[in-house]
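What the coordinates show
The lines below spell out each chain.
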Amino acid sequence: LVEAGLIDEARLRHVRRYARHNGVCLARAAVEQGGIAEEVLAATLAARLRLGRVDLARESVDEDVVREVPHDLAEARRLLPLGIDRSGTRRVMRVAMADPLDFDATEEIEMSTGCTVEPVVARVGEIGDAVSRYYRGVITKMIPRRPVFGSALPTGTPAAKPPDPTTQPHHNVADEAAPELALRA
């Protein structure tokens, strides 16, 4: 962005701080705080990085793939999974990104899905609109289970090494739990 003359070093430092502080991608921060036009930013990134450019109004999006990436990540990092190519030995997920150099987001997607990410560039606002449209009514976040009664450790207490399962006698929760806890279990 500095080489293209879109932003100076001082403004870039401010944009980076804003992005880190708010947990957003650098492209989104550059548009919101750096005064860079969305279209200019997308065109510059696509040309400089030699990546494809997509128009999400005309692009088809596989709704099953949308479930693979959490909404929080897609919203904050301005990305949208488009589809998965399953041909060959590895799965490749095509992802529209406002900032294709956001390696943290790319790594998180790769770790959680087992796919290799192939980024393509789209405008920041366009991705925001598409995320709102495609994630409406989709649950993508794992909901943690409540801890089992008596299993929570007090804060600051180190976790003990789990016992060897072969030396422990068989234990049944129903033997000692109240009826409502046994039913919940």
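What comes next is a walk through the structure. Here the structure is a predicted model, which is why all the values come from computation and not from measurement.

Some thoughts on a positive patch on the surface
Where like charges cluster on the molecular surface, the positive patch consists of Arg13, Arg16, Arg17 and Arg20. Among the secondary structure elements, Arg16 is positioned in helix H1 (residues 9-22).

Section: the pattern of salt bridges
Within the structure shown, the criterion is met by 10 salt bridges. Note that Arg78 is salt-bridged to Glu75, the shortest N-O span being 2.9 Å. With its nearest N and O atoms 3.2 Å apart, the salt bridge here joins Arg77 to Asp102. In this pair, Arg77 sits in helix H5 (residues 71-77) while Asp102 sits in the loop between strand E2 (92-97) and helix H6 (103-113), placing the two residues 25 residues apart along the sequence. Because the salt bridges share partners, they merge into one network encompassing Glu38, Glu39, Arg53 and Arg123.

A few points about the nonpolar core
Leu56, Leu79, Leu80, Met93 and Ile109 are the most contacted members of the largest nonpolar core, which totals 45 residues. The element best represented in this core is helix H7 (residues 124-134), accounting for 5 residues. Leu56 has contacts with Leu80, Leu82, Ala96, Ala122, Glu126, Ile127, Ala130 and Arg133, leaving out every residue within four places of it along the chain.

So, the environment of Ala19
Among the structural elements, Ala19 can be located in helix H1. With relative accessibility at 7%, the residue Ala19 sits in the buried group. Measuring from C-alpha to C-alpha, the distance between Ala19 and Ala76 comes to 9.8 Å, with 57 residues separating the pair along the chain. With sequence-adjacent residues up to four places away left out, Ala19 is seen in contact with Val24, Cys25, Leu26 and Ala29.

Structural notes on the side chain of Arg78
Structurally, the position occupied by Arg78 is in the loop between H5 and strand E1 (79-85). Classification of Arg78 by relative accessible area gives buried; the value is 10%. A distance of 2.9 Å separates a polar atom in the side chain of Arg78 from a polar atom in the side chain of Glu75. When neighbours within four sequence positions are excluded, Arg78 is seen to be in contact with Cys25, Arg28, Leu73, Ala96, Met97, Ala98, Val124, Ile127 and Gly128.

Criteria and thresholds
Residues numbered from 1 in each chain as written. Predicted model: local features only at pLDDT ≥ 70, side-chain atom pairs only at ≥ 80, totals over all residues. Heavy atoms only, no water. Patch = residues over 30% accessible without salt bridge, like charges linked within 9 Å, V, L, I, M, F, W, Y side chains within 5 Å. Areas by Shrake-Rupley, 256 points an atom, 1.4 Å probe, with all protein chains shown as cover. Salt bridge = Lys/Arg side-chain N within 4 Å of Asp/Glu carboxyl O. Lys, Arg positive; Asp, Glu negative; His and termini not counted. Charge placed at Lys NZ, Arg CZ, Asp CG, Glu CD. Helix = DSSP H or I, 4+ residues; strand = E, 2+ residues; numbered from the N terminus. Core = buried A, V, L, I, M, F, W, Y, C linked by side-chain atoms within 4.5 Å. Buried < 20%, exposed > 50% of the residue type's maximum accessible area, 1.4 Å probe, protein only. Contact = heavy atoms within 4.5 Å. Polar contact = N/O pair within 3.5 Å; in protein donor to acceptor, adjacent residues only side chain to side chain.

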